[in-house]
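Listed here are the chains, written in short residue letters.
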Amino acid sequence: MKLRVSSLKVKLSLLAPLVFFAVNTSAQQKPAPYTQQIDGTKLSFEMQAIPAGEFVMGSKNGKPDEQPPHKVKLDAFWMGKYEVTWDIFEPFLYKDYEATHSNGPVPANVDAVTRPTKPYLDMTFGMGKAGQPALAMTHYNAIQYCKWLYARTGVFYRLPTEAEWEYACRAGATTEYFYGNDEAGLADYAWYKENSGGKTHPVGQKKPNKWGLYDIYGNVAEWTYDQYIPDFYTDKPAVNPVAVPQKLYPQVLRGGSYDAVAKDSRSASRMASDPVWKQLDPQIPKSNWWFPEAPFVGLRLVRPAKTPTKAEIDAYYNKAPIADY
């Protein structure tokens with residue numbers, strides 16, 4: 001396959017893990033939804049099946065970074081039914097918490113996964129934990145959580161690519177929102193600035209999209225793996241596109257949040273991470289793990305239908321953190 005790309009995109013493409021780029025004919029059928037047990041604990045989470053397919057990414061009516069609309073082809077994958085909640089994130093965060101939620105000793109391979117430094121403030125920001133989305137973690141933190149899940153389950157989980165996120169969000173729709181074009185209907189599906197009361201809410205209280213994904217709009221903005229490149233759509237990457245991150249900022253989040261207005265919660269709307277989210281961090285150097293001024297940031301898991309090789313998995317999980325500034 002030959003793509004017309006800029007020199008920057010060539011560089012990004014060459015460095016991309018094969019799990020993103022290989023179009024595999026064996027995984028083109030829609031996989032089945034399932035519940036993932038976190039081995040050795042009583043915890044679990046649900047994954048929804050996303051079929052392989054093609055869609056038009058972007059919006060002709062949106063911001064410049066959403067243009068031009070272009071066709072993208074994606075392999076099948078699973079995506080988390082809900083945003084990752086504190087219930088399944090805290091065992092990674094605190095070893096003692098993990099031990100109390102385990103059925104036996106924490107396995108050595110799990111214990112060896114590097115854990116976040118303990119935050120110096122309440123990272124729930126008073127919004128609660130039970131059923132609430134985990135939040136304020138950095139991009140690196142989110143990927144290391146996926147690594148912890150891999151150690152616990154033996155299953156490769158990762159962040160969605162930006163294209164996967166939009167495809168799953170749209171669930172076959174071509175309108176500005178997956179339910180239509182009128183932002184007045186957003187309250188049925190999302191906690192956003194107009195109805196959130198300035199805080200997150202327990203996941204699953206609003207209506208899902210047609211592929212069974214809850215809170216895909218609002219509540220917390222969701223990390224993707226991609227570097228944020230404003231004109232990345234210009235050369236129309238066609239198959240499993242991803243802008244592999246090469247620097248700390250900016251990276252892409254999707255879906256808006258409890259603090260976002262409706263227009264920033266559309267399917268095509270893009271959000272870029274910002275170093276000001278650590279502006280008040282008193283640590284020197286600044287934390288690799290937390291955004292103390294971004295309580296609107298969270299994550300949702302993806303599992304590709306085709307499992308990558310062990311070398312590809314290690315390459316994804318074991319990138320060294322980039323020093324902040």
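Use the structure listed above.
Residues numbered from 1 in each chain as written. Predicted model: local features only at pLDDT ≥ 70, side-chain atom pairs only at ≥ 80, totals over all residues. Heavy atoms only, no water.

**A closer look at the packing of helix 6 (residues 139-153) against helix 8 (residues 310-317)**
So, step 1. Packing of helix 6 against helix 8 leaves a shortest axis separation of 9 Å and a crossing angle of 140 degrees. On the basis of their axis angle, the class for helix 6 and helix 8 is oblique. Residue-level inspection shows I143, Q144, C146, K147 and Y150 of helix 6 in contact with helix 8, the latter providing K310, I313, Y316 and Y317.
So, step 2. Classifying every residue of the contact of helix 6 with helix 8 gives six nonpolar, one polar and two charged. (Axes fitted to C-alpha atoms, helices over the stretch in contact; angles between N-to-C directions. Helix = DSSP H or I, 4+ residues; strand = E, 2+ residues; numbered from the N terminus. Parallel < 35°, antiparallel > 145°, perpendicular 65-115°, else oblique. Contact = heavy atoms within 4.5 Å. Nonpolar A, V, L, I, M, F, W, Y, C, P; charged D, E, K, R; others polar.)

**Comments concerning the sheet that holds strand 8 (residues 270-272)**
Backbone-to-backbone hydrogen bonds join strands into a sheet, with any given pair of strands oriented parallel or antiparallel.
So, step 1. Taken together, the four strands give an open sheet; going across it, the order is 8-7-6-9, and neighbouring strands pair in mixed fashion. The open sheet terminates on both sides in strands that have one partner only, identified here as strand 8 and strand 9 (297-298).
So, step 2. Across three bridges, the pairing between strand 7 (residues 251-254) and strand 8 is antiparallel. Bridge pairing links L253 to M271 in strand 8. (Pairing = 2+ DSSP bridges.)

**Regarding the pairing of strand 6 (residues 221-227)**
So, step 1. Among the seven residues in strand 6, seven count as buried, and that is most of the element.
So, step 2. For strand 6 and strand 7, the ladder comprises three bridges, and the chain directions are antiparallel. Bridge pairing in strand 7 places E222 opposite R254. (Buried < 20%, exposed > 50% of the residue type's maximum accessible area, 1.4 Å probe, protein only.)

**Remarks on the side chain of T224**
So, step 1. When you line up the elements, T224 lands in strand 6.
So, step 2. A polar contact is formed between the side chain of T224 and the backbone nitrogen of D226, at a distance of 3.4 Å.
So, step 3. Beyond its immediate sequence surroundings of up to four residues, T224 is in contact with H139, L159, P160, T161, E162, W165, V252 and R254. (Polar contact = N/O pair within 3.5 Å; in protein donor to acceptor, adjacent residues only side chain to side chain.)

**Some words on the environment of W290**
So, step 1. Inspection of the secondary structure assignment puts W290 in the loop between strand 8 and strand 9.
So, step 2. Residues W290 and H139, 151 residues apart in the sequence, show an inter-C-alpha distance of 9.0 Å.
So, step 3. W290 has contacts with F89, L93, P116, T117, P119, M123, L135, A136, M137, T138, N141 and K278, leaving out every residue within four places of it along the chain.
So, step 4. Polar contacts involving the side chain of W290 include one to the main-chain carbonyl oxygen of T117, which spans 2.9 Å.

**So, the pattern of salt bridges**
So, step 1. All told, the structure shown has 17 salt bridges when counted by the stated rule.
So, step 2. Between E98 and R115 there is a salt bridge, with the nearest N and O atoms lying 2.3 Å from each other. Residue E98 is found in helix 4 (residues 95-100), and its partner R115 is found in the loop between helix 5 (108-111) and helix 6; the two are separated by 17 residues along the sequence.
So, step 3. Since its relative accessible area comes to 0%, E98 is described here as buried.
So, step 4. Three or more residues are tied together by salt bridges with common partners; here these are E162, E166, R170, R254 and R270. (Salt bridge = Lys/Arg side-chain N within 4 Å of Asp/Glu carboxyl O.)

**Here's the deal with unusual backbone geometry**
So, step 1. Following Q67, the chain continues into P68 via a peptide bond in cis, with omega recorded as -5 degrees.
So, step 2. Across the junction of Y249 and P250, the peptide omega takes the value -15 degrees, indicating a cis bond.
So, step 3. You can see P250 is positioned in the loop between strand 6 and strand 7.
So, step 4. Of note in the backbone geometry, F125 takes a positive phi value of approximately 55 degrees without being a glycine.
So, step 5. As for its position among the elements, F125 is in the loop between helix 5 and helix 6.
So, step 6. When its relative accessible area of 31% is taken as the criterion, F125 is described as partly exposed.
So, step 7. Within the chain, D215 stands out as a residue other than glycine whose phi angle is a positive 55 degrees.
So, step 8. On the secondary structure map, D215 appears in the loop between helix 7 (162-170) and strand 6.

**Overview of helix 6**
So, step 1. Across its 15 residues, helix 6 extends 21 Å between first and last C-alpha, which sits within 8% of the 21 Å expected from 1.5 Å per residue.
So, step 2. Where burial is concerned, most of helix 6 is hidden: twelve out of the 15 residues are buried.
So, step 3. By the burial criterion, the buried members of helix 6 are H139, N141, A142, I143, Q144, Y145, C146, W148, L149, A151, R152 and T153. (Expected span 1.5 Å × (residues − 1).)

**Observations regarding the packing of aromatic side chains**
Think of a pair of aromatic rings as described by two things: how far the centres are apart, and how the planes are tilted against each other in angle.
So, step 1. Counted by the stated rule, this structure contains 29 aromatic pairs.
So, step 2. Taking the centre distance of 5.8 Å and the plane angle of 25 degrees together, the rings of Y145 and W148 count as stacked. Here Y145 pairs with W148, and both are found in helix 6, just three residues apart, close to one helical turn.
So, step 3. Classification of Y145 as buried rests on a relative accessible area of 0%.
So, step 4. Grouping aromatic residues by their ring pairs yields a cluster made of W86, F89, F92, Y140, Y145, W148 and W289.
So, step 5. Above the ring of W191, the side-chain terminus of K206 is found at 4.2 Å from the ring centroid. (Phe/Tyr/Trp six-rings, centres within 6.5 Å; stacked < 30°, edge-to-face > 60°. Lys NZ or Arg CZ within 6 Å of the ring centre and 35° of its normal.)

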